[in-house]
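# Structural characterization, general
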Amino acid sequence: MEARVLRADDKTLEIELRGFPLSIANALRRHLINEVPTMAVEEVMVIENTSSVYNEVLTHRISLIPFRTDLENFVLPEECNCGNRLGCERCVVRFSLRARAVSEVITVYSREMVRETGTEVVEPVSGDFPIVKLAPGQTIELELYVRLGTGRKHAKWIPGIATLYDGPDGSRVLYFESFGFLPPARAVIEAAKIFEKRAGELEKVMLEAVGDVGKET
Ligand SMILES: [Zn+2]
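Let us look at the structure shown here. In this numbering scheme, every chain counts its residues from 1 along its sequence in written order. In keeping with the model being predicted, local features are shown solely for residues with a pLDDT of at least 70 and side-chain atom pairs are shown and tallied solely at 80 or more, while totals for entire chains, interfaces and linings include all residues. Heavy atoms from the whole structure form the basis of all side-chain values; hydrogens and water molecules are not counted.

### Focus on the coordination of the zinc ion
To be explicit about the condition: Only nitrogen, oxygen and sulfur atoms count as donors, using a 2.8 Å cut-off from the metal that widens to 3.2 Å for Na, K and Ca. Water is left out, so coordination shells may look unfilled. Labels for metal geometry use angle windows, namely 85 to 135 degrees for all angles of a four-donor tetrahedral site, and for square planar (four donors) or octahedral (six donors) sites opposite donors over 155 degrees apart plus all others within 65 to 115; sites meeting none of these are irregular.
The zinc ion binds to the protein through C80 (SG), C82 (SG), C88 (SG) and C91 (SG), with metal-donor distances spanning 2.3 to 2.4 Å. Bound by 4 donor atoms, the zinc ion shows angles of 98 to 115° at the metal and therefore tetrahedral coordination geometry. In primary sequence terms, the donor set of the zinc ion follows C-x1-C-x5-C-x2-C.

Here it is in structure tokens:
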């Protein structure tokens, strides 16, 4: 199997795959979408919300904001050994969001989230996501818990768009467009790593399950 980069920039990556059976190329694509961990708000504590938007709508909007992801310093909550439901410094980054409109209508943007813990890598991929409008006298005060998760668990953690199309001379092209959680090359490498780990587990599981079948007793 061979792979060659056809095009790369800070958001997209196109890789020509030669000698890859379709099943393998597609498994890599599906690992890219479903298994690469990224960061998003998983839990919101609403301390105050006097805006015209329901708590549920506000928290849903916030949960869909992609965060630049630090895979060096954080682990998935289910893989963390802290055993703490609220998490620890290895599995959660805490942000706060406070805003109040005084004399005129204001729009609250993602740039107003303030990181209280964690590393400086972790931040919304853009500061320009509008979250809510506040009329004079209205206030929001929220605490946000950002955690790693995967697309398999919820679509908000899907790292980007990944498609396969036919390339020249019987090759296939993997196209990946990142939503900003991770640089595209990093996401593809993480997908390959997870795929390889799973394949290793598969052999072990099969050996344990059927390794003795057909042997003389
Ligand atoms: Zn933890």
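### Details of the environment of E143
Here is the rule: Strands here are runs of E lasting at least two residues and helices are runs of H or I lasting at least four, both read from the DSSP assignment and numbered beginning at the N terminus. Throughout, a residue-residue contact means that at least one pair of heavy atoms, one from each residue, lies within 4.5 Å. Within 3.5 Å is the distance limit for a polar contact, defined as a pair of N or O atoms, with the added protein rule that one can donate a hydrogen and the other accept it, and that residues adjacent in sequence qualify only through two side-chain atoms.
Here E143 is to be found in strand β8 (residues 139-149). Once the C-alpha coordinates of E143 and A27 are considered, the two residues, 116 residues apart in sequence, prove to be 37 Å apart. With near-sequence residues (within four places) excluded, E143 lies in contact with E43, V44, M45, R94 and F95. A distance of 2.7 Å separates the side chain of E143 from the side chain of Y145, its partner in a polar contact.

### Details of the sheet that holds strand β6 (residues 114-115)
Quick note on the threshold: Pairing between two strands requires that DSSP report at least two bridges joining them. Only the stretch in contact is used when fitting a helix axis, every axis being a line fitted to C-alpha atoms; angles between N-to-C directions are given from 0 to 180 degrees.
The 4 strands lie next to each other as β3-β8-β4-β6, forming an open sheet whose pairing is antiparallel. In this open sheet, the two edge strands, each paired with only one partner strand, are β3 (38-49) and β6. Helix α2 (residues 55-63) rests against β3, β4 (93-100) and β8 of the sheet, and its axis sits at about 155° to β3.

### Describing unusual backbone geometry
Here the phi dihedral of D169 falls at roughly 50°; this positive angle occurs in a residue that is not glycine. Following the sequence through the fold, D169 ends up in the loop between β9 (160-166) and β10 (172-178).

### Considering the packing of helix α1 (residues 22-34) against helix α3 (residues 184-210)
Which entries qualify depends on this criterion: Orientation is classified from the angle alone, with under 35 degrees giving roughly parallel, over 145 giving roughly antiparallel, 65 to 115 giving roughly perpendicular, and any other angle giving oblique. If you view the pair so one helix is near and one far, a crossing is left-handed when the near helix is turned anticlockwise from the far one by less than a right angle, and right-handed when it is turned clockwise. Residues are grouped as follows: Ala, Val, Leu, Ile, Met, Phe, Trp, Tyr, Cys and Pro are nonpolar; Asp, Glu, Lys and Arg are charged; all remaining types, including Gly, are polar.
Taken N-terminus to C-terminus, the directions of α1 and α3 make an angle of 115°; their axes are 8 Å apart at the nearest point. Classified by the angle their axes make, α1 and α3 are roughly perpendicular. Considering only the axes of α1 and α3, their crossing is right-handed. In this structure, α1 uses I24, A27, L28, H31 and L32 to contact α3, whose residues at the interface are A187, V188, A191, A192, I194, F195 and R198. Residues of the contact of α1 with α3, tallied by class, amount to 10 nonpolar, 1 polar and 1 charged.

### Describing the pairing of β10
For clarity, the threshold we go by: Residue exposure (1.4 Å probe, protein chains only): buried if accessible area is under 20% of the type maximum, exposed if over 50%, otherwise partly exposed.
Here β10 lies mainly inside the structure; 5 of its 7 residues are buried. By the bridge criterion, 7 bridges tie β9 to β10 in an arrangement that is antiparallel. Each bridged residue has a counterpart across the sheet, and for T163 the counterpart in β10 is Y175. Remark: 5 residues form the turn of the hairpin made by β9 and β10, two consecutive strands paired antiparallel; D169 in that turn has positive phi of roughly 50°.

### Description of the layout of surface pockets
Threshold: Within this scheme a cavity is a closed region of a 1 Å grid, computed over the protein atoms alone, that accommodates a 1.4 Å probe without allowing it to escape, whereas a pocket is open but has protein on both sides within 12 Å along at least five of seven lines; lining residues each have an atom within 4 Å of a point. Grid points are joined across faces, edges and corners, and a volume is the space filled by probe spheres set on the points.
The space that makes up the largest pocket amounts to roughly 500 Å³. Considering the residues around the largest pocket, the lining is formed by 19 residues, among which P37, L76, E79, I194 and K197 are closest to the centre. Looking at which element gives the most residues to the lining of the largest pocket, the answer is α3, with 7 residues. Put simply, the second largest pocket is a space of about 320 Å³. Lining the second largest pocket are 17 residues; nearest its centre among them are R68, S178, G180, F181 and L182. Looking at the lining of the second largest pocket, its residues break down into 7 nonpolar, 3 polar and 7 charged.

### Considering the nonpolar core
One recurring pattern in soluble globular proteins: nonpolar side chains tend to sit buried together. The condition that has to hold: Here the nonpolar core consists of buried residues drawn from Ala, Val, Leu, Ile, Met, Phe, Trp, Tyr and Cys, with membership extended through side-chain atoms lying within 4.5 Å.
With 44 residues, the main nonpolar core has L32, I62, F67, L97, M113 and I140 as its most contacted residues. Ranked by residues supplied to this core, first place goes to β8 with 5 residues. L32 has contacts with P159, A162, L174, F176, A187, V188 and A191, leaving out every residue within four places of it along the chain.

### Describing a nonpolar patch on the surface
Put simply, the rule reads: Excluding any residue in a salt bridge, patches collect residues exceeding 30% relative accessible area, merging like charges within 9 Å and nonpolar Val, Leu, Ile, Met, Phe, Trp and Tyr side chains within 5 Å. With residues, only the protein chains shown are counted as cover, and all accessible areas are computed by Shrake-Rupley using a 1.4 Å probe. Whenever Lys or Arg places a side-chain nitrogen within 4 Å of a carboxyl oxygen from Asp or Glu, that contact is recorded as a salt bridge.
On the surface, L202, V205, M206, V210 and V213 cluster together into a nonpolar patch covering about 470 Å² of accessible area. In this fold, L202 is placed in helix α3.

### Digging into the pattern of salt bridges
With the rule as written, the count across this model stands at 19 salt bridges. For E123, the salt bridge is made with R68, and the minimal N-O distance between the two is 3.2 Å. Of this pair, E123 sits in the loop between β6 and β7 (130-134) while R68 sits in the loop between α2 and β4, and the two are 55 residues apart along the sequence. Residue E123 is classed as partly exposed on the basis of its relative accessible area of 33%. Ionic pairing is found between E72 and R186, a salt bridge with its closest N-O pair at 3.2 Å. Placement of E72 in the loop between α2 and β4 and of R186 in helix α3 is noted, with a sequence separation of 114 residues between them. Judged by its relative accessible area of 25%, R186 is partly exposed.

Distances and angles like these do not, on their own, reveal function.
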